[in-house]
Amino acid sequence: MVRGVAALTACAALAWSIGAVAPGRADTAQQGYSANSASEESARQSFSFDGVFRQGGVVRGRAPAGTQRLELGGTDVPMTGNGEFIVGFGRDHGPSATLTAIMADGSRVSEDLAIAETAWRIEHVNASRRGGRTSAEFQRRRAPEIARIVAAREIRSDTDGWRQDFLWPATGRISGVFGSQRVYRGEPGSYHSGVDVARPTGTPVVSPADGVVVLATDTPFTLEGYLLIIDHGMGLNSAFLHLSRIEVAEGDRVERGQRIAAIGSSGRATGPHLHWGMKWGNERIDPQFLAGPMPGASAGNR
């Protein structure tokens, strides 16, 4: 079975009501029970989904009953004790993916997923790409910074923030969108890995969902400036860049809507703004797919 782009709900078989009767049957009560039991069993043996099957999107779901292990394209997917999970599809993900549930007896239940393309904002520039060399001092400073970021994102916290409806950590003008990219005379530059919200220095930043602080820098990083990363559980995390200050500490549990930092222009930034990036595992995803449209903004930010 191939799942399309639209959000999918639990199996339609569950729409049968208790006591539904197939026409022409004498033992109506027993037939109604059997039909309902069959539909429930069908649902237990199937995947259910809710989310966006497209590049940059995320999908929450539930695996078939009895699933012992879950894989997406051969990579393990964390799940709860009752089979709930979340998966994400990177900016350049291919057109398909296969989700596989491995049962206790070794049998497998697989679902083929159709991943739609997203129309990223691409700007073609009639100029050569400027490739500046990094200095030895930059490389010396950068290596331990990257190591701290990688280590923080490998932390798996006991938190259910991934289940929640996500808030915008700050509201305002969207000055940069996820996935946008410049192409210099046919040579692609790196794409923008998050969404930028332009607001003055000192504007509060709140946590978009519950989570655990896994990185809170006490000195600015060379590129990200003051950097804060929150783990929302199940491999999903948020990174907040260019902050003017951080108001939480590593190991703190934060709640959805709690103030955590303030907007700034630290690191490599041309002006005060919040850069909000999100990852699921190794996949960079678009925060707008989780947070929805910016409150008060017109459509078409992407």
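Basis of the calculations
Residues numbered from 1 in each chain as written. Predicted model: local features only at pLDDT ≥ 70, side-chain atom pairs only at ≥ 80, totals over all residues. Heavy atoms only, no water. Helix = DSSP H or I, 4+ residues; strand = E, 2+ residues; numbered from the N terminus. Buried < 20%, exposed > 50% of the residue type's maximum accessible area, 1.4 Å probe, protein only. Contact = heavy atoms within 4.5 Å. Areas by Shrake-Rupley, 256 points an atom, 1.4 Å probe, with all protein chains shown as cover. Pairing = 2+ DSSP bridges. Axes fitted to C-alpha atoms, helices over the stretch in contact; angles between N-to-C directions. Core = buried A, V, L, I, M, F, W, Y, C linked by side-chain atoms within 4.5 Å. Salt bridge = Lys/Arg side-chain N within 4 Å of Asp/Glu carboxyl O. Phe/Tyr/Trp six-rings, centres within 6.5 Å; stacked < 30°, edge-to-face > 60°.

Engineer: Quick question: what am I supposed to make of the overall build of the protein chain here?
Structural biologist: When helices and strands are counted, the protein chain shows three helices and 21 strands. Sorting the 302 residues of the protein chain into buried and exposed places 46% on the buried side. Counted over contacts in the protein chain with a minimum sequence separation of 6, partners at least 24 positions apart contribute 67%. Accessible area of the protein chain: about 15300 Å², with a carbon and sulfur share of 48%.

Engineer: Would you explain the sheet that holds strand β6 (residues 84-88) in this entry?
Structural biologist: As a general point, the strands of a sheet are linked pairwise by backbone hydrogen bonds and lie either parallel or antiparallel. Ordered in space as β2-β3-β6, the three strands form an open sheet in which the pairing is antiparallel. Here the strands that pair on one side only, and so sit at the sheet edges, are β2 (48-51) and β6. Taking the axes of each pair of neighbouring strands and ignoring which way they run, one obtains an average angle of 25° across the sheet. In this structure, β2 lies alongside strand β3 (residues 58-62), joined through four bridges in antiparallel fashion. When the sheet's bridge partners are listed, Phe-49 is paired in β3 with Gly-61.

Engineer: Would you explain the sheet that holds strand β12 (residues 187-188) in this entry?
Structural biologist: Taken in spatial order, the three strands make up an open sheet running β9-β11-β12, and their pairing is mixed. The open sheet has two edge strands, β9 (122-125) and β12, and neither has a second partner. In terms of strand pairing, strand β11 (residues 181-184) meets β12 through two bridges, oriented antiparallel. Residue Val-183 lies in a different strand from β12, and its bridge partner there is Pro-188.

Engineer: Mind showing me how you'd approach the pairing of strand β19 (residues 259-263) here?
Structural biologist: For a regular strand, side chains alternate in direction, first toward one face of the sheet and then toward the other. With four of five residues buried, β19 is to be regarded as a mostly interior element. Of the pairings in the sheet, the one linking strand β14 (residues 204-206) to β19 comprises three bridges and is antiparallel in character. Its bridge partner being in β19, Pro-204 is matched across the sheet by Ala-262.

Engineer: I tried to follow the environment of Ala-291 on my own but got confused; where do I start?
Structural biologist: Relative to the assigned elements, Ala-291 resides in helix α3 (residues 288-291). Among the residues examined, Ala-291 registers a relative accessible area of 15% and is labelled buried. Sequence separation of Ala-291 and Phe-166 is 125 residues, and the distance between their C-alpha atoms is 4.9 Å. The residues contacting Ala-291, other than those within four sequence positions of it, are Phe-166, Leu-167, Trp-168 and Trp-276.

Engineer: Explain the nonpolar core to me, please; I cannot follow it from the model alone.
Structural biologist: The nonpolar side chains of a soluble globular protein tend to be buried with one another. Core analysis: the biggest nonpolar cluster contains 50 residues, and Leu-72, Phe-85, Phe-89, Leu-228, Leu-236, Phe-240 and Ile-260 have the highest contact counts within it. If we ignore the near neighbours within four places in the chain, the residues touching Leu-72 are Val-77, Val-87, Gly-88, Phe-89, Ala-97, Thr-98, Leu-99, Leu-113 and Trp-280. Counting residues in hydrophobic clusters, the runner-up holds nine residues, among them Ile-149, Val-214, Ala-239 and Leu-241.

Engineer: Sorry if this is basic, but what is going on with the pattern of salt bridges here?
Structural biologist: Tallying each qualifying case throughout the model produces 14 salt bridges. Bridged by salt links that share partners, the residues Arg-62, Glu-84, Asp-160 and Arg-163 form one connected network.

Engineer: Got a minute to help me understand unusual backbone geometry in this structure?
Structural biologist: What is expected of a backbone is that most residues other than glycine have negative phi and most peptide bonds are trans. Phi at Arg-185 is positive, roughly 50°, even though this residue is not glycine. Along the polypeptide, Arg-185 turns up in the loop between β11 and β12. Accessibility expressed as a relative area gives 56% for Arg-185, which makes it exposed. At Met-234, a position not held by glycine, the phi torsion is positive, near 60°. Judged by its relative accessible area of 14%, Met-234 is buried.

Engineer: Looking at this structure, how should I read the packing of aromatic side chains?
Structural biologist: The geometry of an aromatic ring pair is captured by the separation of the ring centres together with the interplanar angle, meaning the angle of the planes. Tallied over the full model, the rule gives eight aromatic pairs. Between Trp-120 and Phe-178, the ring centres sit 5.4 Å apart and the planes meet at 70°, which makes this aromatic pair edge-to-face. Here Trp-120 is found in the loop between β8 (108-114) and β9, whereas its partner Phe-178 is found in the loop between β10 (173-176) and β11, with 58 residues between them in sequence. Seen in terms of ring centroids, Trp-168 and Trp-276 are 5.7 Å apart; in terms of plane orientation they differ by 70°. Their pairing is edge-to-face. Remark: Trp-276 occurs in strand β20 (residues 274-280) and Trp-168 occurs in the loop between α2 (136-153) and β10; sequence separation between them is 108 residues. In this structure Trp-168 comes out as buried when scored by relative accessible area, which is 7%. Feature note: the residues Phe-47, Phe-49, Phe-53, Phe-85 and Phe-89 constitute an aromatic cluster, connected by ring pairs.

These results come straight from atomic positions and should not be treated as a statement about function.
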